[in-house]
Amino acid sequence: MEWDWEFVRQIMPTLIDGLQITILATILGAAVAAVVGLVFAILRMVAPAPVARATGFAVEFIRGTPLLVQLYFIFYVLPDIGIRLPALVAGVIGLGIHYGTYAAEVYRAGIENVPRGQWEAAKATNLTARQTWTHVILPQAIPPMIPALANYLIAMFKETPLLSAITVLELMNQAKSIANSNYRYIEPMTLVGVFFLIMSLISVFFLRWLEERYARVDER
Amino acid sequence: MIDWSGYIGLILQGAWVTVELTLMGSALALVVAFAAGLGRLSRFMAVRSLATTYIEFFRGTSIFVQLFWAYFVLPFAGITLTPLQAGVLALGLNVGAYGAEVVRGAVKAIGREQREACIALNLTRYQAMRHIILPQALPLMLPTFGNNAIELLKGTAVVSLISLTDMTFQAQVVRAQTGSTLIPFATILVLYFVMAWVISLGMRWLERRAGRGLDGVRV
Amino acid sequence: MSEPIIRIDNIVKKYGPLTVLDKLSMEVMPGEKLALIGPSGSGKTTILRILMTLERISDGFIEVDGEHLYHMKKDRQLVPADERHLHLMREKIGMVFQHFNLFPHKCVLDNVTLAPMLTKGMARAAAEKRAMELLDMVGMADKAKSMPAQLSGGQKQRVAIARALALSPKIMLFDEVTSALDPELVEEVLNVMRRLADETDMTMLLVTHEMGFAHDFADRVLFFDRGKIVEEGKPGDIFRHPKQERTQAFLRKIIAAGHRV
Amino acid sequence: MSEPIIRIDNIVKKYGPLTVLDKLSMEVMPGEKLALIGPSGSGKTTILRILMTLERISDGFIEVDGEHLYHMKKDRQLVPADERHLHLMREKIGMVFQHFNLFPHKCVLDNVTLAPMLTKGMARAAAEKRAMELLDMVGMADKAKSMPAQLSGGQKQRVAIARALALSPKIMLFDEVTSALDPELVEEVLNVMRRLADETDMTMLLVTHEMGFAHDFADRVLFFDRGKIVEEGKPGDIFRHPKQERTQAFLRKIIAAGHRV
Amino acid sequence: AAADENKLEELKEQGFARVAIANEPPFTAVGADGKVSGAAPDVAREIFKKLGVPEIVASISEYGAMIPGLQAGRHDAITAGLFMKPERCAAVAYSEPILCDAEAFALKKGNPLKLKSYKDIADNPDAKIGAPGGGTEEKLALEAGVPRDRVIVVPDGQSGMKMLQDGRIDVYSLPVLSINDLVSKANDPNIEVVAPVEGAPVYCDGAAFRKGDEALRDAFDVELAKMKESGEFAKIIEPYGFSAKAAMSTTREKLCAAK
Ligand SMILES: Nc1ncnc2c1ncn2[C@@H]1O[C@H](COP(=O)(O)OP(=O)(O)OP(=O)(O)O)[C@@H](O)[C@H]1O
Ligand SMILES: Nc1ncnc2c1ncn2[C@@H]1O[C@H](COP(=O)(O)OP(=O)(O)OP(=O)(O)O)[C@@H](O)[C@H]1O
Ligand SMILES: [Mg+2]
Ligand SMILES: [Mg+2]
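Every value quoted in this text rests on a predicted model; they were computed, and no experiment measured them.

Focus: the site of ligand 2
All names here are of chain D.
Here is step 1: Taken together, 13 residues lie around ligand 2, and Ser40, Gly41, Lys44, Thr45 and Thr46 are the ones closest in.
Here is step 2: The contact in question runs from an oxygen atom of ligand 2 to an N or O atom on the backbone of Ser42, over 3.2 Å.
Here is step 3: Contacts to ligand 2 include Thr45, whose side-chain N or O atom sits 2.5 Å from an oxygen atom.
Here is step 4: Notes on ligand 2: free accessible area 640 Å², of which the protein chains cover 64%.

Put into structure tokens, the structure is as follows:
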């Protein structure tokens, strides 16, 4: 089986349609994950013990089970209890909740990495709890989180092909559908790989930049 | 009415495939993680670039693409793998690329000071790596390796897309035969979670063993 | 001077099974300059941290400026202090740390103005004016716009002192403020502290291993060992004629290690 | 003693645009005890690190024990040394670090026996016998089975000294070996070093801020400033009657900071 | 492709043939014990037995992945109800026809959108059709002019029924017998079947072999013809609801030539 450039030219527009859906799902999923992660992190750090423990268990459960199965669950089981989500929405929610558990860890680590001396200095200068958070802790905790969060964004991007299992016509699904109707896997699959590789190489540079930009302020 | 015991049997068969994939994939991942992670720290430019290319390529493309490649495209290059081999290969190389960065990070984290002490004691690079750096780096790697193994376990669900009869796939089969969606999926969710939980228990046990005597103190 | 500004009454501090301070009592008069010395682990830092309310005590009472620190009156009873009470009490006390603990994301000036603006509601202009005076006093006015990362250890510590002074506390606590510094940078910080001791009537508590400085600086020296005050007195007496065996042993070691007394 | 054991000839060391050592030359005779003093950043550590081959030089030559350190002969020409040559040269030199750099995953005894067994192929029994003698000398024989994390700083440093001695180097380098220690622990390390200086004829180079100790220990003192040797001489001369302005200023600062000379 | 005359010998030696199936009763099915059945594999199993290959090993695959899998050497044959069509005939070597069926719709009781043909779906901008990816129905819908975004690729029959019940799609299209099987399993009074779909041809499948394995295909055909003759063929497929007569009244040649 030979590589066929003519075929490549022919399928490109369809693949680009798929890429757009992929990117849309990634962005929406990231937004959901950022919020869900914050909720998880806050519940785990400050909620009363039973709630915190339940949240901890939920987070562990979600992190310990495959996103694919979770997507099936959201898409095919939830309608039984009256929740019928459009495929893309179900996908975005699935991605968001799954990656929200990762974001929660990043938030927590970022906050815990602010040295104890900073909390103590805030106390010694008599700042209130709120002032300590807003003026001392968060401004130091957030910048180092950004590269880690961006890392998960990229990971999520690479997991969007899972949405094809719940009928979202993203890049992978378009490629499969092309492959299916033309009986050729080489070109569409390779192109999908190339798309992913290009996007990740771009994001590697973007990440490096982020890491430099938000490098830890190395003074205590 | 529905032969549930038979279907549970089917899911358990799938669970075994999932376990096999996870174990073999992890073994492969471990080997390539060390090879590529240390390769990236090599003195030789060629080795470094090779390792870097491998890592960036496998981290950059999606596991799905890698699976489909291993399954549908490699045969045209004359390499025909069974679905299980293709699954192990793709999962192992994919997770191995992430593991390589863990190895590299841990080795580098055993700071300059330890490496300088090795030079001052006239150890060769190999001796320093073998006796000083790796024994200290290993405990640092373990927690992330544990996470990677769980990621790999979750990744096995994807092989159902290349019709490997893993747990997720068998759940689909059961669903098609019985018309019930909730029961097979709820069952495998619990099974996956139990497997992930076993992995983290095992890793914690290893960490305790490896960390013995170190007490988390860097000198 | 009549009433002590700090009265520590039989306090106990435990970490789990470890008793760090054991029924300790002491008093400090307003304006007094006190040096706390003693071997490592004897509880010197712990006392300062308790006064700064960074740690709670396990038992006993502390009064600062006539008010209970860890207790407050409610319905004529003494109950454990709540966060509001602690907040009020902290106004009276400032602390300088061994590792500076400057806010790394704020420039020198902002480090000094932050707390007055937030806790006292000072206007920015007023806060900055006062901050510049303080920075001038510690010799750091020209670095007002620098970030902490750009400063040497001695410079950082002088900024930290200015930051603590900006809240005009009645009591200042200094915990080994020079021991994280390169030897040549020590002097610039000590000079600032000497001026402070001479020119203000703030009450000061100082933990240090610099015996020479403790000697010049303090009105009174307390020698700690294992959570107790073993000996106290005028610097001249303690350093030249220590009475207790443990004090003598400690000073001998320190002198042998090359520190001047 | 006729030939110098170390001959440093016009070496230059740069980090990017920064010239840290600027055409520096010096010689050390076998058995000599040398103290390197000078302000922070003057290049003292850099010299030791270059001798230990932890850093390469940018220009110049170094001979150790009659052989080039960073060059080797090949086809009658001097070419840059390869890893094998450096390996051979390192046998002559040992180093003790400011932060001990013990191997935290090995017990005290294994820290000391590791290198002799690996680099000299010593049998375990012989290596352990010698290690116990050395540990005994530094007063750490009873802790042979302890892990480094269980030791105090002073104890760690004494183990580090034993570890370096186990390879029987001709030259020992000490970089501020007491400055990471609590003041009371300094003396136990200095005592070990005094014995070492008295009892062996090893060549020793010592970087220190402990002027008192440098005075007692050294046959010769070199005063560094900005990558150059500004003044050198007998300890008594340098410390009592420094000739150079910069040396005087430095000593004045150090003394003011409470260090004994 | 270089002809591989020895393919059959190879299979005999290895003792089994690897076939791709779809898990779409009654064409193909997997029992609770994991045993493969359904009309297509049952026929293939018999024929391979007669050819001296005692077993078939089935792997379940998406329709679209079957031909690439065959080309990549992952399967020795496809026995899945993959209907013969000219493009497919160009890609693989089909046997003579085995299972024939017309197309059907499953839709909500009373057919609220009045859909009787793929054209009707194309004309109604609200109608969404579900079909297996890479299957005949997807193609028919696209060819009738249904825009891509109204043709939902459904991974399997059960998902299709579920999506229909949940109102995510308005029509689910499969061959008549498959739809009947699904609907009877779902046992849902709110679902009805339209069969056959107006204007859609009757299709027949055959066992599909790799181009180059024509020798194997021909041997297969010989045994198939014998079975058709003896009535054994009808005995296997008719219990599943297929008509042996339909398969015997047409030929590969006709089906591959049909527009
Ligand atoms: N958070 C803590 N948890 C447990 N033990 C603690 C804690 N903080 C201090 N300690 C213990 O309390 C004792 C007193 O400590 P402290 O820091 O007050 O001593 P110090 O006199 O300041 O010593 P140094 O001169 O070394 O600073 C020590 O034994 C120390 O190990
Ligand atoms: N790896 C490096 N990269 C860049 N500059 C360096 C590096 N190591 C040392 N320097 C610079 O070289 C100069 C000399 O450093 P060196 O450590 O030799 O000084 P030192 O005399 O030992 O000072 P100290 O008393 O503080 O230990 C300093 O200006 C230092 O900043
Ligand atoms: Mg202390
Ligand atoms: Mg130095």
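Anyway, onward from the coordinates.
Some words on the pattern of salt bridges
Here is step 1: Under the counting rule described, the total for this entry stands at 67 salt bridges over all chains.
Here is step 2: Here Glu27 of chain C makes a salt bridge to Arg7 of chain C, at a shortest N to O gap of 3.3 Å. Here Glu27 of chain C is found in strand 2 (residues 18-28), whereas its partner Arg7 of chain C is found in strand 1 (residues 6-15), with 20 residues between them in sequence.
Here is step 3: Of the residues examined, Glu27 of chain C reaches a relative accessible area of 38% and is grouped as partly exposed.
Here is step 4: Close ionic contact of Glu32 of chain D with Arg220 of chain D constitutes a salt bridge, the shortest N to O distance being 2.7 Å. Of the two residues, Glu32 of chain D is situated in the loop between strand 2 (18-28) and strand 3 (33-37) and Arg220 of chain D in strand 11 (residues 220-225); the sequence distance between them amounts to 188 residues.
Here is step 5: Using a relative accessible area of 12% as the deciding quantity, one classes Glu32 of chain D as buried.

Regarding the nonpolar core
Here is step 1: With 230 residues, the main nonpolar core has Ile62 and Leu205 of chain D together with Phe48 of chain E as its most contacted residues.
Here is step 2: Looking at which element gives the most residues to this core, the answer is helix 6 (residues 125-155) of chain B, with 11 residues.
Here is step 3: If we ignore the near neighbours within four places in the chain, the residues touching Leu205 of chain D are Ile6, Met26, Val28, Leu34, Leu48, Leu51, Ile171, Met172, Leu173 and Phe174 of chain D.
Here is step 4: Val136 of chain A together with Ala115, Leu167 and Val207 of chain C belong to the second-largest nonpolar core, a separate cluster that totals 56 residues.

Quick notes on the sheet that holds strand 10 (residues 203-207) of chain D
All names here are of chain D.
Here is step 1: On the basis of which strands lie adjacent, the open sheet formed by 6 strands has the order 8-9-10-3-11-12 and mixed pairing. Each having just a single partner strand, strand 8 (93-96) and strand 12 (228-233) make up the two edges of the open sheet. Neighbour to neighbour, the strand axes of the sheet diverge by 20 degrees on average, direction disregarded.
Here is step 2: In the sheet, strand 3 pairs with strand 11 via 4 bridges, with the strands oriented parallel. Bridge pairing in strand 11 places Leu34 opposite Arg220.

As for the pairing of strand 12 (residues 228-233) of chain C
Within a regular strand, the side chains alternate between the two sheet faces.
All names here are of chain C.
Here is step 1: As paired strands, strand 11 (residues 220-225) and strand 12 are joined by 5 bridges and run antiparallel to one another. Bridging across to strand 12, Phe224 finds its partner in Ile229.
Here is step 2: Between strand 11 and strand 12, which pair antiparallel and follow one another directly, the connecting turn spans 2 residues, one of which, Arg226, has a positive phi of 45 degrees.

Notes on the UniProt feature "domain: ABC transporter" (unreviewed entry) in chain C
Here is step 1: As recorded in UniProt, the feature "domain: ABC transporter" (unreviewed entry) lies at residues 6-251 of chain C.
Here is step 2: Between the C-alpha atoms that bound residues 6-251 of chain C the distance is 28 Å, and the span itself is 38% helix and 28% strand.

Description of unusual backbone geometry
Here is step 1: Of note, the bond from Pro25 of chain E into Pro26 of chain E is cis; its omega dihedral lies within 30 degrees of zero at 5 degrees.
Here is step 2: When you line up the elements, Pro26 of chain E lands in the loop between strand 1 (16-21) and strand 2 (29-30).
Here is step 3: At the junction of Ala195 of chain E and Pro196 of chain E, the peptide bond is cis and its omega measures out at -10 degrees in the coordinates.
Here is step 4: The phi dihedral of Asn10 of chain D is positive, around 55 degrees, even though this residue is not glycine.

Digging into the confidence of the model for chain B
Residues shown with low pLDDT carry predicted positions that ought not to be read at fine detail.
Here is step 1: This prediction gives chain B a mean pLDDT of 87; 94% of its residues lie at or above 70.
Here is step 2: Of the regions scoring below 50 in pLDDT, residues 215-219 of chain B engages in 14 contacts with residues more than four places distant in sequence or in other chains.

So, a nonpolar patch on the surface
Here is step 1: Together, Val190, Val194, Trp197, Val198 and Leu201 of chain B give the surface a local cluster of nonpolar side chains, amounting to about 450 Å² of exposed area.
Here is step 2: Structurally, Trp197 of chain B is set in helix 8 (residues 182-211).

A word on the site of ligand 1
Residues and elements named next belong to chain C.
Here is step 1: Every one of the 13 residues lining ligand 1 counts as a neighbour, but Ser40, Gly41, Lys44, Thr45 and Thr46 are closest to it.
Here is step 2: Between ligand 1 and Lys44 there is a distance of 2.9 Å, counted from an oxygen atom to a side-chain nitrogen or oxygen.
Here is step 3: Against a free-state accessible area of 640 Å², the protein chains account for coverage of 62% of ligand 1.
Here is step 4: Contributing elements (two or more residues each) for the shell around ligand 1: strand 2 and helix 1 (44-51).
Here is step 5: For the shell around ligand 1, the element with the most residues is helix 1, which contributes 3 residues.
Here is step 6: Here the shell around ligand 1 is composed, by residue class, of 4 nonpolar, 7 polar and 2 charged.

A closer look at the packing of aromatic side chains
Here is step 1: Counted under the stated rule, the structure contains 26 aromatic pairs over all chains.
Here is step 2: Counting every residue linked through ring pairs, the aromatic cluster contains Tyr72, Phe75 and Tyr76 of chain A together with Phe185 of chain B.
Here is step 3: We note Arg175 of chain B situated over the ring of Tyr76 of chain A; from NZ or CZ to the ring centre the distance is 4.2 Å.
Here is step 4: Lying over the aromatic face of Tyr71 of chain B, Arg74 of chain E brings its terminal NZ or CZ to 3.7 Å of the ring centre.

Section: the arrangement of the chains
Here is step 1: Between all 6 pairs of chains that are in contact, chains A and B come out with the most contacts.
Here is step 2: You won't find any contact between chain B and chain C; their C-alpha atoms come no closer than 18 Å.

Section: the UniProt feature "transmembrane region" (unreviewed entry) in chain B
Residue and element names in this part refer to chain B.
Here is step 1: Residues annotated in UniProt with the feature "transmembrane region" (unreviewed entry) correspond here to residues 6-36, 57-79 and 182-202.
Here is step 2: Between the end C-alpha atoms of residues 6-36 the distance is 44 Å, and the span holds 100% helix and 0% strand.
Here is step 3: Each end of residues 182-202 is marked by a C-alpha atom, and these two atoms are 30 Å apart; helix forms 100% of the span and strand 0%.

Thoughts on the packing of helix 2 (residues 45-60) of chain B against helix 4 (residues 83-109) of chain B
All names here are of chain B.
Here is step 1: Viewed as axis vectors pointing N to C, helix 2 and helix 4 meet at an angle of 120 degrees, and their least axial separation amounts to 8 Å. Between helix 2 and helix 4, the angle falls in the class oblique. With respect to the hand of their crossing, helix 2 and helix 4 are arranged in left-handed fashion. Contacts between helix 2 and helix 4 involve Tyr54, Ile55, Phe58 and Arg59 from the first element and Gly92, Leu93, Asn94, Gly96, Ala97, Tyr98, Ala100 and Glu101 from the second.
Here is step 2: Class assignment of the residues belonging to the contact of helix 2 with helix 4 gives a composition of 7 nonpolar, 3 polar and 2 charged.

Section: the interface of chain A and chain B
Here is step 1: Facing 34 residues of chain A, the contacting portion of chain B comprises 34 residues.
Here is step 2: In total, chain A and chain B occlude about 3,000 Å² of area from one another, counting both sides; carbon and sulfur atoms represent 76% of this.
Here is step 3: Between chain A and chain B we count 0 salt bridges in total.
Here is step 4: One can count 10 residue pairs in polar contact (both at pLDDT 80 or more) joining chain A with chain B.
Here is step 5: Of all the secondary structure elements, the ones that give two or more residues to the side of chain A that touches chain B are helix 2 (49-64), helix 3 (67-77), helix 4 (87-112), helix 6 (129-159), helix 7 (171-182) and helix 8 (186-213) of chain A.
Here is step 6: Per-class residue counts for the side of chain A that touches chain B are 21 nonpolar, 7 polar and 6 charged.

A look at the sheet that holds strand 1 (residues 6-15) of chain D
Residue and element names in this part refer to chain D.
Here is step 1: Taken in spatial order, the 4 strands of this open sheet run 2-1-4-5, and their pairing is antiparallel. Looking along the sheet, the strands with just one partner apiece sit at the ends: strand 2 and strand 5 (67-68).
Here is step 2: Sheet topology places strand 4 (residues 59-64) next to strand 5; 2 bridges connect them, and they run antiparallel. What sits directly across from Glu63, in strand 5, is His68.
Here is step 3: Docked against the sheet, helix 1 (residues 44-51) engages strand 1, strand 2 and strand 4, running at close to 65 degrees with respect to strand 2.

Description of the state of the cysteines
Here is step 1: Per the counting criterion, the structure on display carries 2 disulfides over all chains.
Here is step 2: Put simply, Cys89 of chain E and Cys256 of chain E are joined by a disulfide, and their sulfur atoms are 1.9 Å apart. Torsion about the S-S bond of the Cys89 of chain E and Cys256 of chain E cystine: about -75 degrees, corresponding to left-handed handedness. Taken together, the residues Cys89 of chain E in helix 4 (residues 86-91) and Cys256 of chain E in helix 12 (residues 252-257) connect sequence positions 167 residues apart.
Here is step 3: Residue classification places Cys89 of chain E among the buried positions, given a relative accessible area of 12%.
Here is step 4: Here Cys107 of chain D stays free of any disulfide, with the sulfur of Cys118 of chain B as its closest cysteine sulfur at 16 Å.

Rules used in this analysis
- Residues numbered from 1 in each chain as written.
- Chains lettered and ligands numbered in written order.
- Predicted model: local features only at pLDDT ≥ 70, side-chain atom pairs only at ≥ 80, totals over all residues.
- Heavy atoms only, no water.
- Near = heavy atom within 4 Å.
- Polar contact = N/O pair within 3.5 Å; in protein donor to acceptor, adjacent residues only side chain to side chain.
- Areas by Shrake-Rupley, 256 points an atom, 1.4 Å probe, with all protein chains shown as cover.
- Salt bridge = Lys/Arg side-chain N within 4 Å of Asp/Glu carboxyl O.
- Helix = DSSP H or I, 4+ residues; strand = E, 2+ residues; numbered from the N terminus.
- Buried < 20%, exposed > 50% of the residue type's maximum accessible area, 1.4 Å probe, protein only.
- Core = buried A, V, L, I, M, F, W, Y, C linked by side-chain atoms within 4.5 Å.
- Contact = heavy atoms within 4.5 Å.
- Pairing = 2+ DSSP bridges.
- Axes fitted to C-alpha atoms, helices over the stretch in contact; angles between N-to-C directions.
- UniProt positions renumbered as here; feature names shortened; annotations may be inferred.
- pLDDT = per-residue confidence, 0-100.
- Patch = residues over 30% accessible without salt bridge, like charges linked within 9 Å, V, L, I, M, F, W, Y side chains within 5 Å.
- Nonpolar A, V, L, I, M, F, W, Y, C, P; charged D, E, K, R; others polar.
- Phe/Tyr/Trp six-rings, centres within 6.5 Å; stacked < 30°, edge-to-face > 60°.
- Lys NZ or Arg CZ within 6 Å of the ring centre and 35° of its normal.
- Parallel < 35°, antiparallel > 145°, perpendicular 65-115°, else oblique.
- Left-handed = near helix turned anticlockwise from the far one by under 90°.
- Buried area = accessible area lost by both parts, 1.4 Å probe.
- Disulfide = S-S within 2.5 Å.

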